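Residue strings, one per chain:
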Amino acid sequence: MDRPAAPDYAHRIAMYDMDRTITRAGTYSGFLMHVARRRQPWRLLLLPLVALAGLAYALRLIDRSRLKAINLRLLVGKSFRRSEIAPLAESYADKVVARGLHPAALDQIAADRAAGYRLLLATASFHLYVDAIARRLGIDDVLATRLDEPDGADHVHARLAGDNCYGEAKFARIGEWLADNAIMREAAHIRAYSDHVSDRPMLHFADQAVATTPSRRLKKLAPTMGWQVVDWRRK
């Protein structure tokens, strides 16, 4: 993607959403199925309950955070040890990186890295496996949905710690990350990439916003905001 050179700034940051931006498809359900099949296959018998939870979400009886916690509890467990899940997170990351990424997204990540941008992955998916994917992509920093670990770093409960890292909550996390890293907005040149309209706050915040293989609503919104539209399904 040809771009004008950014002026000199103290910081250059490229923010990427993950699911359906870098990846070809969502990763959350795939991760849960990957873990269930390899760890406790009997949990696949609970898939009808997963479908019921999805219906409850569609009917707005539960929110997105509750849906994610229910599905995690059904397919992975009420609580589990991180050390037990970590090898499965690694093998799932290998699977995603081997077959589930847009090559054009990888090209853009490489171009941003070469141009001196600090790479930030901001996603609603769980740190539990996102961190493994990010390492394989050479991502510098990760903001993702956190799980409750009240009894120590190795004991994880199937409930969210804080907000689902999505939409406005994701943008709030980005603000916290900038503050934690002593990055003033006026001292940074920011690029942002996402496929979904829920990332409007992040895209609006950026100096260069790119709607990547966008959803219908984002494809409609992007031209009115002056955001670039690209289709990463094509090289």
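Note: the structure precedes this text.
If you're wondering where the values come from, they're calculated on a predicted model, not measured in any experiment. (Residues numbered from 1 in each chain as written. Predicted model: local features only at pLDDT ≥ 70, side-chain atom pairs only at ≥ 80, totals over all residues. Heavy atoms only, no water.)

J.: I tried to follow helix α6 (residues 127-137) on my own but got confused; where do I start?
T.: Three or four residues apart is the spacing at which side chains of an α-helix point the same way, because the helix has 3.6 residues per turn. Where burial is concerned, most of α6 is hidden: 8 out of the 11 residues are buried. Just past α6, the residue Gly138 takes up positive phi, approximately 70°. (Buried < 20%, exposed > 50% of the residue type's maximum accessible area, 1.4 Å probe, protein only. Helix = DSSP H or I, 4+ residues; strand = E, 2+ residues; numbered from the N terminus.)

J.: How should I be thinking about the sheet that holds strand β7 (residues 188-194) in this particular structure?
T.: Either a parallel or an antiparallel arrangement is found when strands of a sheet pair, and the pairing is made through backbone hydrogen bonds. Ordered by their spatial adjacency, 6 strands build an open sheet running β4-β3-β1-β7-β8-β9, and the pairing between neighbours is parallel. Lying at the two open borders of the sheet, with one neighbouring strand each, are β4 (141-145) and β9 (228-230). Strand-to-strand twist across the sheet, computed as the mean angle between neighbouring axes with direction ignored, equals 20°. The sheet contact formed by strand β8 (residues 208-212) and β9 spans 3 bridges and is parallel. Bridging from a neighbouring strand, Val210 pairs with Gln228 of β9. In the packing of α6 onto the sheet, contacts are made with β3 (118-126) and β4, and the angle to β3 comes to roughly 150°. (Pairing = 2+ DSSP bridges. Axes fitted to C-alpha atoms, helices over the stretch in contact; angles between N-to-C directions. Contact = heavy atoms within 4.5 Å.)

J.: Would you take a moment to explain the sheet that holds strand β6 (residues 155-160) for this structure?
T.: Ordered by their spatial adjacency, 3 strands build an open sheet running β2-β6-β5, and the pairing between neighbours is antiparallel. The open sheet has two free edges, formed respectively by β2 (79-81) and β5 (147-148), since each of these has just one partner strand. In the sheet, β2 pairs with β6 via 3 bridges, with the strands oriented antiparallel. When the sheet's bridge partners are listed, Phe80 is paired in β6 with Val156.

J.: Got a minute to help me understand the nonpolar core in this structure?
T.: If you look at soluble globular proteins, the nonpolar side chains tend to sit buried side by side. In terms of nonpolar packing, the biggest core is built from 48 residues, with Tyr16, Phe31, Leu72 and Tyr129 touching the most fellow members. Looking at this core, the elements with two or more residues in it are β1 (11-16), α1 (28-39), α3 (64-75), α4 (82-99), α5 (103-114), β3, α6 and β6. With 7 residues, the single largest contributor to this core is α6. Counting residues in hydrophobic clusters, the runner-up holds 23 residues, among them Leu120, Val197, Ala222 and Trp227. (Core = buried A, V, L, I, M, F, W, Y, C linked by side-chain atoms within 4.5 Å.)

J.: Before we go on, may I ask you to explain the pairing of β1 in this structure?
T.: Regular strands have side chains that alternate between both faces of the sheet. As defined by bridge partners, β1 adjoins β7 across 6 bridges and the pair is classed as parallel. Residue pairing for β7: Ile13 is matched across the bridge by Ile190. Sheet topology places β1 next to β3; 4 bridges connect them, and they run parallel. Directly across from Ala14, in β3, lies its bridge partner Leu119.

J.: Hey, could you run me through a positive patch on the surface in this one?
T.: Residues Arg37, Arg38, Lys95 and Arg99 make up a contiguous surface patch of positive charge. Contributing elements (two or more residues each) for the positive patch: α1 and α4. The topology assignment puts Arg37 in helix α1. Accessibility expressed as a relative area gives 46% for Arg37, which makes it partly exposed. (Patch = residues over 30% accessible without salt bridge, like charges linked within 9 Å, V, L, I, M, F, W, Y side chains within 5 Å. Areas by Shrake-Rupley, 256 points an atom, 1.4 Å probe, with all protein chains shown as cover. Salt bridge = Lys/Arg side-chain N within 4 Å of Asp/Glu carboxyl O. Lys, Arg positive; Asp, Glu negative; His and termini not counted. Charge placed at Lys NZ, Arg CZ, Asp CG, Glu CD.)

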